[in-house]
Each structure stands twice: as C-alpha cells, then as structure tokens.
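Single-letter residue listing:
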Amino acid sequence: MSLAAVDVHPGLNPAQQQAVAHFEGPILVLAGAGSGKTRVLTARVANLIEHHGVDPSRILTVTFTNKAAGEMRERIGRLLGSEPRGMWSGTFHSIGARMLRRHAALVGRTPNYTIYDETDTLGVIKRLMERQRISARDIAPKAISNRISDAKNSLSTPEELAASSMDPITRAAAAVYADLEPEMRAGNAVSFDDLLVLPVRVFRDHPEIRDRYSEQFRFVLVDEYQDTNRAQYQFIRSVAHAHSNVMVVGDDDQSIYGWRGADIRNILDFERHFPAARVVRLEENYRSTPNILAVANAAISSNVGRKGKTLRATLPGGEQVTEVATLDERDEAEWIVEEIKARQSRDGIALSDAAVLYRTNSQSRALEDSFRRHAMPYRLVGSVRFYDRREIRDLVSYLKLIANPWDDEAFRRAVSVPKRGLGETSIDTLGEISRKAQLPMLETAGRADLVDVLRPAARKALGEFSEMIARMRLLAAEASVDELLRDLIDTIQYGAYLQVEGPESARERSDNVNALISGAAELVVEEGGEVGLTPLDHFLQRAMLIAGVDVLDSSADAVTLMTLHNAKGLEFPMVIVAGLEDGLFPLGQSIDEPSMLEEERRLFYVGVTRAERKLYLTHAETRRRNGETMPSMRSRFLKEIPAGMLEERKTIKLRSLGRRSMFVDSPSRATWGERAVRRNHGTPEWRKPAVDRDVDASQDEALYVRGERIKHKLFGGGTIAEIAGAGRDVKAVIDFDDENVGRKTIKLAYTTLERGLG
DNA sequence: GGCGCCCGTTTTTTT
DNA sequence: AACGGGCGCC
Ligand SMILES: Nc1ncnc2c1ncn2[C@@H]1O[C@H](COP(=O)(O)OP(=O)(O)OP(=O)(O)O)[C@@H](O)[C@H]1O
C-alpha cells in the first residue's frame, strides 16, 4: 500500500501524497509556511477513514485553536461526504479538559470542576502569598505565577522547583506552588496548565488508563507541533504509547511560543523521540507570490541553527512588497485605512481579504480609531478576550459559583458585585473560618453558627447571598443557561448596577451582557458520550477555553485586526504588518537576548508568510507608548532584507515634515526606553562605554561602565562586569561583594544603583 | 469596617 | 493611557 503514491486526494503534490498515504508508524512533516501541512493533515485523516477503514472514534487530532479544529472537521466532512463522527479534535487544553472530566475523581475533582483562567489563578496565588507572608510588593505575583506555570509545563513538582531555586523569587514560587494544588483541589478547580498536566499525571499514575486511550486512539495527529511544550509532548507520547502512530506537522521557523514553555526541540528531536520516524519535507509554497516568499526567506535566514528548509514559490509574479514609512502611529493607521480603501475601489478586494497584524495588542487602539473615523468595518481578534471583560467576569463568577459551590474564587468576586456591604475584612475573616472548618466559603456564609464573629450587617448580607445562590442552584437544575442568566441579572439588578458604575460605558457593557445571554442560548451540547454534566457545566467549561480567534467570523466583510501570534496558521490575500520598529518589533526586551530575538524574527516570518498576494510593512518615526511619545527606529528586521526586495514609500505627512526635523530641537530625546538607563551624572568622557555611543550619538549623559563600583539597595556593593542590551532593556552583569549574592544580571530600567561607592 | 478616589506603575505575545 | 494599590474619609 505504502509504495503506491496513489492519487488519494486531488490537489496534492507527490510529497504531500506520500505523507497523506502514510498509514502506521511515526511521521514528521517538516516544512515551511504555506506548504500545505495543514492540508496534508486534513487529507490524511480523511484517507485513514476512507481508504483504511479507520473508525473516526479511533482518531485524535490536535490543532492550535478550536476554530482550526472545527474547520478541519468541516473539510474532512466535505472530503468524505459526512462528518467524522466520534473523532476527537481540539486544542490540547480542550482535549485535556474532556479527559479530565472522565477521570476527575483521580485528581480529587468532580467532573464539573471549574477551569480557572489566568486571572483566577493569580487571585489564588495572591492569597496564598498573603498567607505565607510574602509581600506582593517584594515579589510580583505575576512573577510567581509565571514560574509556577513554567514548572508545570515542564512537569516539575513543587519539590523539584524548590530544589532548583537559586533566587528568592523561585524560592517563593516553590513555596506557593506547594500550596497551590491543595488549594485548587479544595476549590474543585484546575488552572489552564492543569488541563495538560493533570491528564499527564493520570497517565503516569494509572498506566491502564493510558493504555485504554492508546488503544482507543490508534492514530494521533498534531498540527503546529513546533509550539508544543514538554507536558504536551508527554501527553502525545502517552496516548501513542501502544503504537507510535503519530503524525506531527510543523515548522521550526514558526515556533513563537517559547515564552510560555514551548520547546522547539520537540520537533527537532522527533526522530529521536519516535525512532524509525518517517520524515517528509514539503518544499512548494502554495500561498504567497515569489516576492513575498523572497522577503520571508531573507528574513528568516538571519536566524542561526535552523534545521534548514527549501521553500519555492508556485504562484506566479505578483506585486513588490511595500515598505511604508510613516510619521506616527496615527499617520500609520490613517495610511493603512486609506490604502485598503484605495485597493477596495481600484482592485476590488473585499475587506475580509485584508488583515493588519501587529506585535502588541495596544497597537490596535490607533488602528481602531482610524477605522472608525473612516467608517470602515473591522473586527478585532483577541485583544480583550470576551470572557475577560469585567461585566462578563462578574456574571460568569455567579455561574461558576452556582455550578461549583466550592469555588471560593468565584465566591469572592460574586459576593462583592454588586456591593453588599461586605468588605475585605469580613470576606477574609469568612475565608479563614472556612479554611479552619474545611468548608467552602459559600457553605460557611450560610451557616449562622460559624459566622457569629462577624458584624450583624455582614452576617445578614452573607445569609441572603447564600440563600440567593441556593435558589439559583435549584433553578439551574431545570432551566437553560440563558434563562438562568436572565433570572440572575434580574435578581441582582445588574443592569442598574452597570448604570451606577459608569453611565458612559453602561450601554456597551449591557450589549456584552446580551451577547453572553445569546451565546448561552445558542449552546449546543453535542459532545458524544459524555453524561452527568448539566448544560451550565458544559457552557462554563467550554466558555473558559474559547480563544480570540475562535470567534473570528471570516465571512463578514471586514478587515481583520490582530496580533501576529493570533495570525498563526491563517492566510489573507493582503497583509499589513504594522509597527516594524526596534523596541516594538522586535520587542525591546528581546533585542539583546539572541534566543529571544530569534523568536521575534520567527514571528516576523510568520507575519510575512500570512500574505498571499500583497504585503505591506509599515513603521512610524515616533510612537506613543505608556502615554509618552518616543522616537523609534526602523526595525532591524527590515534592514536584514536586501535592498531591492522592498519598494519604499513614505506617507505625505512624513514627506512634508521632512525626516528627523522634529527632533532637531530635542536632542536629548532618547529612543524607546533608552532614557531608562540615562543617569545625570558627570561621568568623565573616558568612562563612557564606546559600544553604546552609536546608539545615539547625541547623548551626553552617562551610562554605567564596566568596572564601575555601584551599590544596589538589596544586594549591596558590587562591580559592573558587563553591560548588555539597548534601551529599556539594558542589563548589567554585576559581581556583588556578598558571596551569597555573587554574580547577577540586573535590568537597569527597574533598579536604582548608587554609584561611585566603595 | 467599607468604599471611593488619587497616585504611582507599567513586559509582550495566549490557552 | 489604564489599571491597581494604598490611603483617607464617611
Ligand atoms: N498541492 C496544493 N495545491 C494547491 N494548493 C495547495 C496545495 N497544498 C496546499 N495548498 C494551499 O496552500 C495554502 C497553504 O496551505 P496550508 O495552510 O495547509 O499550509 P501550512 O503549511 O499549514 O501553512 P502554515 O505553516 O503557514 O500554517 C492553502 O491555501 C492551501 O489550500
């Protein structure tokens, strides 16, 4: 069978067909952007079902977004003529969530456990920090949470984290981590990370369960494999334990989630992880014109240590890639809107053909303003996630509490919206009582005998609240989620609350509330074979896993605005990558760390390769950030592209003002963040480090220099061993006198060093 | 004890 | 510019 590279499906080249026809054993499809990896994955699933008679229920497909999973199902359905019923498909998180529902008891949860998002988990971490007397001023809760998350994603236990902790932050993180799991368990809750980690733990502790899944899923397929982390690798390994029938597809040059634990080695070492793996390379690009592809290839070639891939264009000709210099972010946004408008009338492109991609969500603001000014329809992907909006969080916290009375995090939020005369003191006291009695706060709140230490008014409010939730729970047992929501909103008079809280935003917020209600009304519980969960449980578990791109409606006639990260895997005829400036893209803090800079460059490569026919790369001379306007320089990523590959344009505004004219009278203006390192010290000329001179020749203030003596408020005296980086991200390597401290790398922007001491 | 206002801070990407 | 924490007033 395998010899016959039969034309299993039309629209596939020979290499693709080979991959599609692959039946058993591990296979890696390593190929560049737009080479049809996703198409191969999809076709192979169809082929397994159609030509090999594999029942869909024996297939597990992991995609990067739930939307991609849905689209894949749909395409397979079209290839086969019927939906692949029974096939499991989704993100690692949603698949993990589903498995965890079945095995909840093994990790001390019930099947309707609550999924905590980042904010929820951070709330728990803050409370645990308080309990351990770790001040949030000394150590940022976010830093703790990041470290715990890193540990989880690499499957490290609290003990292991503690053992490896060299610095105070990690030590604190390890201590909090140790308390976190029991706390989450008591709340019948799991974090995002737990959705991966807990199933892996179940597989490890219960091989018979692992084997059952491995038996069920005879074929495992993973898209975007370059962005999987250790826990995800382990997950795949476990499910493929019995057969190694794993197909992974990916592109090491598109690995852009290293910052959240993704490990590029997963794909690079696939052949070692799964011996005898077949490797298929796809070298034809079907998405972009040769000009776009040339820019992409040139951009990524600056990265070292790549696995190396060939990528040839198959499409003909096409326009040049255009670089656009603009004055500021507003000028940039205006230019973008005007250009799309011009293209729309001149070339007849649809608005849905265009996408504006940017590095940070905050860039969307200026863009949105321009789109609105011109009444041009747009849709914003991601940014503030729907379920992150305050009004939605408020109501969802009630729903969570109704579904899961152990959820203290939800209790804390719900009990204070709207205000019930219960403040921090009462709630913390209630929390303490509950902890001692080992009861959920909701339960304690309803027990008059337990809360007698509280003020009568507080007692009364708690009693009423608990009764109200009890009534809602009864309602939830029989009513639909939207009915429940309506009753809830009425009961707590949420509409009036929104009015009081902010009359200006009340309208928009209640629109969102209505969207939540209709979303609930549309809920279809279609997950086969899952019993014992109420519609509310389903609604909540699904809602927590909805990503920004999942709600992207590609049929609407509107321009898409989103971050480069969100654009992964997508394609648009016309793409504008905005904000190509050093400090923004690449981001300042990544510039001096080679591995981070390479990830930024991969992100640029991802952005460029989203374009099918036309690509614009824009940048601005100045940009507002944190309320302050800063000059910025053309991105090094643009400089890395050979001249001649780009057609250069300038906006009228920029041309009429003349380059740099506006800085003539403000020579001390620093580019992004540079000012953070400037110190007003009369350091002698010879002490200024030569390396930094060319960053801004006009600067006349001193930077720290190698060998200089300094004093740090925490670590004491020390000597500067090295200075690295630019802008806001200048780091100093300092040898501290205190041997317990030793050598440390410190970001100068966040520290004050006293100099010339000792 | 609760709540509102003002001041200070700010990492960037997401499930 | 926006959010969160802390302080001070009711
Ligand atoms: N053999 C082919 N003939 C024609 N078009 C193809 C072929 N293979 C793929 N395509 C098209 O090329 C485009 C890119 O395919 P696909 O999204 O599968 O690539 P990919 O490798 O997954 O890309 P990325 O790495 O950017 O996610 C799609 O529009 C797809 O329909």
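Quantities reported herein were computed from a predicted structural model and do not represent experimental measurements.

**Q** Requested: an account of the protein's contact with DNA strand B, with residues and values cited.
**A** Around DNA strand B sit 29 residues in total, of which Glu118, Arg359, Asn361, Ser426 and Leu587 are the nearest. One nitrogen or oxygen atom from the main chain of asparagine 361 is found 2.7 Å from a phosphate oxygen belonging to DNA strand B. The contact in question runs from a phosphate oxygen of DNA strand B to an N or O atom on the side chain of threonine 563, over 3.0 Å. Contributing elements (two or more residues each) for the surface near DNA strand B: helix H19 (424-437) and helix H26 (564-567). Ranked by residues supplied to the surface near DNA strand B, first place goes to H19 with 3 residues.

**Q** Can you lay out the packing of helix H9 (residues 194-205) against helix H10 (residues 207-216) for me, pointing to particular residues and giving the numbers?
**A** With their axes 5 Å apart at the nearest point, H9 and H10 run at an angle of 110° to one another. Taken together, the axis directions place H9 and H10 in an arrangement best described as roughly perpendicular. Of the residues in H10, those in contact with Val202, Phe203, Arg204 and Asp205 of H9 are Pro207, Ile209, Arg210 and Tyr213. Here the contact of H9 with H10 is composed, by residue class, of 5 nonpolar, no polar and 3 charged.

**Q** Can you tell me about the site of the ligand, naming the residues and giving the values?
**A** In the vicinity of the ligand there are 18 residues, among which Lys37, Thr38, Arg287, Glu571 and Arg610 approach most closely. Within the complex, the protein chains bury 82% of what would otherwise be the 630 Å² of accessible surface of the ligand.

**Q** Outline helix H18 (residues 408-415), listing residues and values.
**A** A large share of H18 lies buried, amounting to 7 of its 8 residues. Looking at H18, one finds that the buried residues are Asp408, Glu409, Ala410, Phe411, Arg412, Ala414 and Val415. Against the buried residues of H18 lie strand S4 (114-116), helix H5 (118-131), helix H17 (390-403), H19, helix H20 (441-445) and helix H21 (456-478). Its side-chain oxygen 3.1 Å from the backbone nitrogen of glutamate 409, aspartate 407 forms the N-cap of H18.

**Q** How would you summarise the pairing of strand S1 (residues 27-31) if you had to cite specific residues and measurements?
**A** With 5 of its 5 residues buried, S1 lies for the most part within the structure. Here S1 shows two buried faces, one formed by Ile27, Val29 and Ala31 and the other by Leu28 and Leu30. Pairing geometry for S1 and strand S8 (residues 278-282), over 5 bridges, is parallel. Directly across from leucine 30, in S8, lies its bridge partner arginine 281. Pairing analysis gives 4 bridges linking S1 to strand S7 (residues 246-250), with the strands arranged parallel. Residue pairing for S7: valine 29 is matched across the bridge by valine 249.

**Q** Requested: an account of the packing of aromatic side chains, with residues and values cited.
**A** Applying the stated criterion across every chain, the model contains 19 aromatic pairs. Ring centres 5.2 Å apart and planes at 40° place the aromatic pair phenylalanine 64 and tyrosine 257 in the tilted group. With phenylalanine 64 in the loop between strand S2 (59-62) and helix H3 (66-80) and tyrosine 257 in the loop between S7 and helix H12 (265-268), this residue pair connects regions lying 193 residues apart in the sequence. We classify phenylalanine 64 as partly exposed; its relative accessible area is 25%. Judged by relative accessible area, which is 7%, tyrosine 257 ranks as buried. Feature note: the residues Trp88, Phe92, Phe203, Tyr213, Phe217 and Phe235 constitute an aromatic cluster, connected by ring pairs. Sitting over the face of the ring of phenylalanine 274, arginine 237 holds its NZ or CZ atom 5.3 Å from the ring centroid.

**Q** Describe the nonpolar core, and please don't skip the residues or the numbers.
**A** Formed by 48 residues in total, the largest nonpolar core has its most connected members in Leu395, Phe411, Leu462, Phe465, Tyr494 and Leu536. With sequence-adjacent residues up to four places away left out, leucine 395 is seen in contact with Leu485, Leu488, Ile489, Ile492, Tyr494, Val513 and Leu516. By size, the runner-up hydrophobic cluster in this structure holds 41 residues, among which are Leu100, Tyr113, Leu195 and Val246.

**Q** An account of the domain arrangement of chain A is requested, with residue identities and associated values reported.
**A** According to the domain assignment, chain A contains domain 1 (14-104 + 195-282), domain 2 (114-187), domain 3 (312-385 + 551-658), domain 4 (394-536) and domain 5 (708-755). Its C-alpha centre places domain 2 at a distance of 37 Å from the equivalent point of domain 3.

**Q** Any details on the sheet that holds strand S11 (residues 321-326)? Residues and values, ideally.
**A** Spatially, S13-S14-S12-S15-S16-S11-S19 is the arrangement adopted by the 7 strands of the open sheet, whose pairing is parallel. Both outer strands of the open sheet, strand S13 (378-380) and strand S19 (646-650), are each paired with one neighbouring strand and no more. When strand polarity is set aside, the average angle formed by the axes of neighbouring strands in this sheet is 20°. Sheet topology note: the strand S12 (residues 354-358)/strand S15 (residues 572-577) ladder contains 4 bridges and is parallel. Opposite valine 356, over in S15, you have isoleucine 576 as the bridge partner. Along the sheet face, helix H15 (residues 329-347) touches S11, S12, strand S14 (559-563), S15, strand S16 (611-620) and S19 and points at about 155° away from the line of S16.

Definitions and cut-offs
- Residues numbered from 1 in each chain as written.
- Chains lettered and ligands numbered in written order.
- Predicted model: local features only at pLDDT ≥ 70, side-chain atom pairs only at ≥ 80, totals over all residues.
- Heavy atoms only, no water.
- Near = heavy atom within 4 Å.
- Polar contact = N/O pair within 3.5 Å; in protein donor to acceptor, adjacent residues only side chain to side chain.
- Helix = DSSP H or I, 4+ residues; strand = E, 2+ residues; numbered from the N terminus.
- Axes fitted to C-alpha atoms, helices over the stretch in contact; angles between N-to-C directions.
- Parallel < 35°, antiparallel > 145°, perpendicular 65-115°, else oblique.
- Contact = heavy atoms within 4.5 Å.
- Nonpolar A, V, L, I, M, F, W, Y, C, P; charged D, E, K, R; others polar.
- Areas by Shrake-Rupley, 256 points an atom, 1.4 Å probe, with all protein chains shown as cover.
- Buried < 20%, exposed > 50% of the residue type's maximum accessible area, 1.4 Å probe, protein only.
- Pairing = 2+ DSSP bridges.
- Phe/Tyr/Trp six-rings, centres within 6.5 Å; stacked < 30°, edge-to-face > 60°.
- Lys NZ or Arg CZ within 6 Å of the ring centre and 35° of its normal.
- Core = buried A, V, L, I, M, F, W, Y, C linked by side-chain atoms within 4.5 Å.
- Domains from an automatic or database assignment.

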